[in-house]
Amino acid sequence: MIPPEPPQQPLQSPPPAPPNHVVTTIENLPAEGSGGGSGSLSASSRASVSQRIRKVLNREMLISVALGQVLSLLICGIGLTSKYLSEDFHANTPVFQSFLNYILLFLVYTTTLAVRQGEENLLAILRRRWWKYMILGLIDLEANYLVVKAYQYTTLTSIQLLDCFVIPVVILLSWFFLLIRYKAVHFVGIVVCILGMGCMAGADVLVGRHQGAGENKLVGDLLVLGGATLYGISNVWEEYIIRTLSRVEFLGMIGLFGAFFSGIQLAIMEHKELLKVPWDWQIGLLYVGFSACMFGLYSFMPVVIKKTSATSVNLSLLTADLYSLFCGLFLFHYKFSGLYLLSFFTILIGLVLYSSTSTYIAQDPRVYKQFRNPSGPVVDLPTTAQVEPSVTYTSLGQETEEEPHVHVA
């Protein structure tokens, strides 16, 4: 007996295809342009390059570069007034000039701290951290003094080149004490900036710009290196204070201890030079101009450092000598060279490269120390933290859409 055939199952229709707005593949993407093929690929590549340029040259990055150039212009004003005082009126008083700036800081910021209440009061700050600010005030004062003093011994080119030593000092101190980590593009930008500075120094030699006496170059060069090192320490310390405490506290304490120590140094080392100054309204106006530029520099620099970083600010200040030179073309009849323009734009390109991406910091110092010293005491941490330090992207540089705020545990 033949078994009956099993009933046939009704045919089922295939599942409906997902709507186009849910699944989109390369094949059903609309082609750009009518050329198709290579034409579409070329247009897509151009659009991608244009998009990347817009991401790099974003508004925040351009603002950061512009703020750094404001600081450079203030330093240009400081240099021009100092040059007029020393060369036209023979007033060689670097300590007195610093003393005027510290007095202004004291009158504005130290008095602000004095009238505050609670833990931000001047006396409360002095009870907790007086000796730290005393050391910082000495470092800041002597950094200014050493670099100005170096002009009496070495050449202008040596000072311009050796003053760049502040950049590796800031990088190393930021790495070890602020736990800031840099990417390859940051180092490329730094090298480009220093190449631009070297181009400017070479242009000075070629056009025969006045180089100074250079009577004892070794002493002068050591003074510049010492001043650059102290500048680096002061800048990194400043960045730490304004990120963890406040800008007003930093400037108030610098004004207090800077005025105290510069007053002592002025009475010991420079009182005779001050008596020789042929006082008149022109000299008084130059001292006022110098003090205004210096006060503006000290007041504005913490704002820029907090928005960017100490390293970025020092790279921006490399253009200050070029602004002074451009002013000197009209005021002192300096000779012009196309290398100056090349140097200026090279430094700006280096600044753009450095500011195009963010730095990052090690979030937990315990993790960083364990990462650096595996043989040290064991700390109970997550497994992933024993492979690399916990980091978080910060706003120390300018971020693009490809680099969101992330935390890697």
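This is a predicted model, so every value here is computed, not measured.

Engineer: Can you help me understand the overall build of the protein chain in this one?
Structural biologist: Along its length, the protein chain carries 14 helices and four strands. The buried share among the 409 residues of the protein chain stands at 44%. Sequence separation of 24 or more characterises 84% of the internal contacts of the protein chain that already satisfy a separation of 6 or more. A total accessible area of about 22200 Å² is found for the protein chain, and carbon and sulfur atoms account for 67% of it.

Engineer: Just to check I follow, could you spell out the packing of aromatic side chains for this structure?
Structural biologist: Per the counting criterion, the structure on display carries ten aromatic pairs. Look at phenylalanine 96 and tyrosine 287: their rings are 5.3 Å apart centre to centre, the planes differ by 80 degrees, and that puts the pair in the edge-to-face class. Of this pair, phenylalanine 96 sits in helix 3 (residues 94-114) while tyrosine 287 sits in helix 10 (residues 281-307), and the two are 191 residues apart along the sequence. The two residues phenylalanine 96 and tyrosine 287 agree in class, both being buried. Put simply, the rings of Tyr323, Phe326, Phe344 and Phe345 touch in pairs and so form one group of aromatic residues. Lying over the aromatic face of tryptophan 175, arginine 181 brings its terminal NZ or CZ to 4.0 Å of the ring centre.

Engineer: Sorry if this is basic, but what is going on with the pattern of salt bridges here?
Structural biologist: Going through the model one piece at a time under the given rule, you end up with five salt bridges. For the salt bridge of glutamate 239 with arginine 243, the shortest nitrogen-to-oxygen distance reads 3.1 Å. Residue glutamate 239 and its partner arginine 243 are located together in helix 8 (residues 217-244), separated by four residues, close to a single helical turn. On the accessibility criterion, glutamate 239 (1% relative accessible area) is buried.

Engineer: I tried to follow helix 4 (residues 122-150) on my own but got confused; where do I start?
Structural biologist: Three- or four-residue spacings in an α-helix give side chains the same orientation, since the helix completes a turn every 3.6 residues. Here helix 4 is 29 residues long, yet its end C-alpha atoms lie only 36 Å apart, well below the 42 Å a rise of 1.5 Å per residue gives. Maximal helix bending in helix 4 amounts to about 85 degrees, located at arginine 129.

Engineer: What's the story with unusual backbone geometry in this structure? I'm lost.
Structural biologist: Negative phi characterises most residues that are not glycine, and trans characterises most peptide bonds. Of note in this structure, histidine 90 is not a glycine but carries a positive phi near 55 degrees. Tracing the backbone shows histidine 90 in the loop between helix 2 (59-88) and helix 3. In the Ramachandran plot, leucine 179 falls in the positive-phi region, its phi being about 60 degrees despite a non-glycine side chain.

Engineer: Would you explain the nonpolar core in this entry?
Structural biologist: One recurring pattern in soluble globular proteins is that nonpolar side chains are buried together. Counting residues in hydrophobic clusters, the biggest one holds 33 residues, and the most contacted among them are Ile167, Leu315, Leu318 and Tyr340. Those elements giving two or more residues to this core turn out to be helix 2, helix 6 (166-177), helix 7 (184-207), helix 8, helix 11 (310-316), helix 12 (320-331) and helix 13 (338-355). The residues contacting leucine 318, other than those within four sequence positions of it, are Cys164, Ile167, Cys193, Met197 and Ile347. Leu67, Leu122, Met294 and Leu297 belong to the second largest nonpolar core, which has 32 residues in total.

Engineer: How should the environment of valine 192 be read in this particular structure?
Structural biologist: Locating valine 192 in the fold gives a position in helix 7. Given a relative accessible area of 19%, valine 192 falls into the buried group. Between the C-alpha atoms of valine 192 and glycine 350, which are 158 residues apart in sequence, the distance is 4.9 Å. For valine 192, the residues in contact, after removing those within four places along its chain, are Thr346, Ile349, Gly350 and Leu353.

Engineer: How should the side chain of aspartate 140 be read in this particular structure?
Structural biologist: Position of aspartate 140 among the secondary structure elements: in helix 4. One buried charge, aspartate 140, has no salt-bridge partner; the nearest side chain with opposite charge is arginine 247, at 14 Å. There is a polar contact of 2.5 Å between the side chain of aspartate 140 and the side chain of tyrosine 102. Discounting chain neighbours no more than four positions away, the residues touching aspartate 140 are Tyr102, Ser234, Ile254 and Tyr298.

Engineer: In this structure, what is going on with the side chain of glutamine 265? I would like to understand it.
Structural biologist: Relative to the helices and strands, glutamine 265 is located in helix 9 (residues 247-276). Aside from chain neighbours lying at most four places away, what touches glutamine 265 is Val95, Leu141, Glu142, Tyr145 and Glu270.

Engineer: Please clarify how the packing of helix 3 against helix 9 should be interpreted in this entry.
Structural biologist: The description of two packed helices rests on the angle between their axes and on the distance between the axes. One way to put it is that helix 3 packs onto helix 9 with a least axis distance of 6 Å and a crossing angle of 150 degrees. The angle between helix 3 and helix 9 places the two elements in the roughly antiparallel class. Crossing of helix 3 over helix 9 shows left-handed handedness. Of the residues that constitute the contact of helix 3 with helix 9, the class distribution is 18 nonpolar, eight polar and three charged.

Engineer: Looking at this structure, how should I read the confidence of the model for the protein chain?
Structural biologist: Note that predicted coordinates carrying low pLDDT should not be read in detail. Scored by pLDDT, the protein chain comes out at a mean of 78, with 72% of its residues at no less than 70. Low pLDDT, under 50, characterises residues 18-36; the predicted model gives this stretch six contacts beyond four residues in sequence or across chains. Segment residues 365-409: pLDDT under 50, and 92 contacts once partners within four positions in sequence are set aside and those in other chains are kept.

Engineer: I keep staring at a nonpolar patch on the surface and nothing clicks. Help me out?
Structural biologist: A cluster of nonpolar residues, Leu172, Trp175, Phe176 and Phe177, forms a patch on the protein surface that exposes about 440 Å² of accessible area. Tracing the backbone shows phenylalanine 176 in helix 6.

Engineer: I'm lost on helix 7 in this one. Help?
Structural biologist: Taking 1.5 Å of rise per residue, 24 residues should cover 34 Å, and helix 7 covers 35 Å from first to last C-alpha, within 8% of that figure. The positive-phi residue at the C-terminal boundary of helix 7 is glycine 208, with phi of around 70 degrees.

Engineer: Help me understand the packing of helix 2 against helix 12 in this model?
Structural biologist: Viewed as axis vectors pointing N to C, helix 2 and helix 12 meet at an angle of 50 degrees, and their least axial separation amounts to 8 Å. As judged from the angle between their axes, helix 2 and helix 12 are oblique. Note on packing geometry: the crossing formed by helix 2 with helix 12 is right-handed. Residues Gln69, Ser72, Leu73, Ile75, Cys76, Leu80 and Tyr84 of helix 2 pack against Ala320, Tyr323, Ser324, Cys327 and Leu331 of helix 12. Taken together, the residues that form the contact of helix 2 with helix 12 break down as nine nonpolar, three polar and no charged.

Rules used in this analysis
- Residues numbered from 1 in each chain as written.
- Predicted model: local features only at pLDDT ≥ 70, side-chain atom pairs only at ≥ 80, totals over all residues.
- Heavy atoms only, no water.
- Helix = DSSP H or I, 4+ residues; strand = E, 2+ residues; numbered from the N terminus.
- Buried < 20%, exposed > 50% of the residue type's maximum accessible area, 1.4 Å probe, protein only.
- Contact = heavy atoms within 4.5 Å.
- Areas by Shrake-Rupley, 256 points an atom, 1.4 Å probe, with all protein chains shown as cover.
- Phe/Tyr/Trp six-rings, centres within 6.5 Å; stacked < 30°, edge-to-face > 60°.
- Lys NZ or Arg CZ within 6 Å of the ring centre and 35° of its normal.
- Salt bridge = Lys/Arg side-chain N within 4 Å of Asp/Glu carboxyl O.
- Expected span 1.5 Å × (residues − 1).
- Bend = angle between axes of the 7 residues up to and from the residue.
- Core = buried A, V, L, I, M, F, W, Y, C linked by side-chain atoms within 4.5 Å.
- Lys, Arg positive; Asp, Glu negative; His and termini not counted.
- Polar contact = N/O pair within 3.5 Å; in protein donor to acceptor, adjacent residues only side chain to side chain.
- Axes fitted to C-alpha atoms, helices over the stretch in contact; angles between N-to-C directions.
- Parallel < 35°, antiparallel > 145°, perpendicular 65-115°, else oblique.
- Left-handed = near helix turned anticlockwise from the far one by under 90°.
- Nonpolar A, V, L, I, M, F, W, Y, C, P; charged D, E, K, R; others polar.
- pLDDT = per-residue confidence, 0-100.
- Patch = residues over 30% accessible without salt bridge, like charges linked within 9 Å, V, L, I, M, F, W, Y side chains within 5 Å.

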